[in-house]
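# Structural overview
Read off the chains here:
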Amino acid sequence: MVSEKKKESVLAGFKAFLMRGNVIDLAVAVVIGAAFTNIVNTVVKGIISPVVGAVGTKSLDGYSSCLKGPCGIDAKGEAIGVNILWGSVLNAALTFLITAAVVYFLMVLPMAKYLAKVEQRRRAKEGVKKTIEITELEVLKEIRDELVAQRGPIGQDGFVRRGQGGQDGFVGRPGQGY
């Protein structure tokens, strides 16, 4: 019995985790990111690498330095010597920079501008609301002050004094309806 309840609670927790918006958003981002990476890799291989190849080799992957011994490939197809493939690293770095630039200029920057406009509109609405609230508060204060002025002065003991009334002009405390 205890294991069934625990199993149900674990499954319920897992279901709640999957149904949260963050997990769905993350899954969509991963899928779009994979497709986007394919596009960027194609641009690097189809445009950037040939431009670099016009200056040197056809591909950045061909740039390397031999660190130890004669470098090359033997008859079996295995590498000989210690070869540093800095062209591959340069290719990966260029791919990263192009990806970052495209993401920033086509996604992050427009979204930041949009969110700034939305925030500016929200602040403008909030400012109008505060102005209206302050105006209403000022009107209520004026009404209160007018009502107090109509009642007459308040004595040191907190009672309203009028020129006429009982002994000593006593009428009552403010707000008692006297």
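Here goes a summary of the coordinates provided. (Residues numbered from 1 in each chain as written. Predicted model: local features only at pLDDT ≥ 70, side-chain atom pairs only at ≥ 80, totals over all residues. Heavy atoms only, no water.)

Moving on, we come to the overall build of the chain. Looking only at helices and strands, the chain features three helices and four strands. Starting at the N terminus, the α and β elements of the chain follow one another as α-α-β-β-α-β-β. Across the 178 residues of the chain, 10% fall into the buried class. The long-range fraction of contacts in the chain, counting pairs at least 24 apart against all pairs at least 6 apart in sequence, stands at 26%. Accessible surface computed for the chain: about 14600 Å², of which carbon and sulfur atoms make up 66%. (Helix = DSSP H or I, 4+ residues; strand = E, 2+ residues; numbered from the N terminus. Buried < 20%, exposed > 50% of the residue type's maximum accessible area, 1.4 Å probe, protein only. Contact = heavy atoms within 4.5 Å. Areas by Shrake-Rupley, 256 points an atom, 1.4 Å probe, with all protein chains shown as cover.)

A word on the packing of aromatic side chains. All told, the structure shown has one aromatic pair when counted by the stated rule. Ring geometry for Tyr104 versus Phe105: centroids 5.1 Å apart, planes at 80°, classification edge-to-face. (Phe/Tyr/Trp six-rings, centres within 6.5 Å; stacked < 30°, edge-to-face > 60°.)

What follows covers the pairing of strand S2 (residues 79–84). Bridge count between strand S1 (residues 65–73) and S2: five bridges; the pairing is antiparallel. The partner of Ile73 across the bridge, within S2, is Ala79. Linking two consecutive strands that pair antiparallel, namely S1 and S2, is a turn of five residues; a positive phi of about 95° is found at Gly77 within it. (Pairing = 2+ DSSP bridges.)

A few words on the pattern of salt bridges. On inspection of all chains with the given rule, the structure shows four salt bridges. We note a salt bridge from Glu119 to Arg123, for which the minimum N-O separation is 3.2 Å. Note that Glu119 and Arg123 are positioned in helix H3 (residues 86–151) at a spacing of four residues, about one turn of the helix. A residue is classified by how much of its surface remains accessible, and Glu119, at 30% relative accessible area, is partly exposed. Arg144 is the partner of Asp145 in a salt bridge, and the nearest nitrogen-oxygen pair spans 2.9 Å. For Arg144, a relative accessible area of 47% corresponds to the partly exposed category. Several salt bridges converge on common partners, so that one network encompasses Glu119, Arg122, Arg123 and Glu126. (Salt bridge = Lys/Arg side-chain N within 4 Å of Asp/Glu carboxyl O.)

Quick look at a nonpolar patch on the surface now. Together, Leu67, Val82, Ile84, Trp86 and Leu90 make up an exposed nonpolar region whose accessible area comes to about 440 Å². Every element with two or more residues in the nonpolar patch is listed here: S2 and H3. The topology assignment puts Trp86 in helix H3. The exposure class assigned to Trp86 is partly exposed, which follows from its relative accessible area of 39%. (Patch = residues over 30% accessible without salt bridge, like charges linked within 9 Å, V, L, I, M, F, W, Y side chains within 5 Å.)

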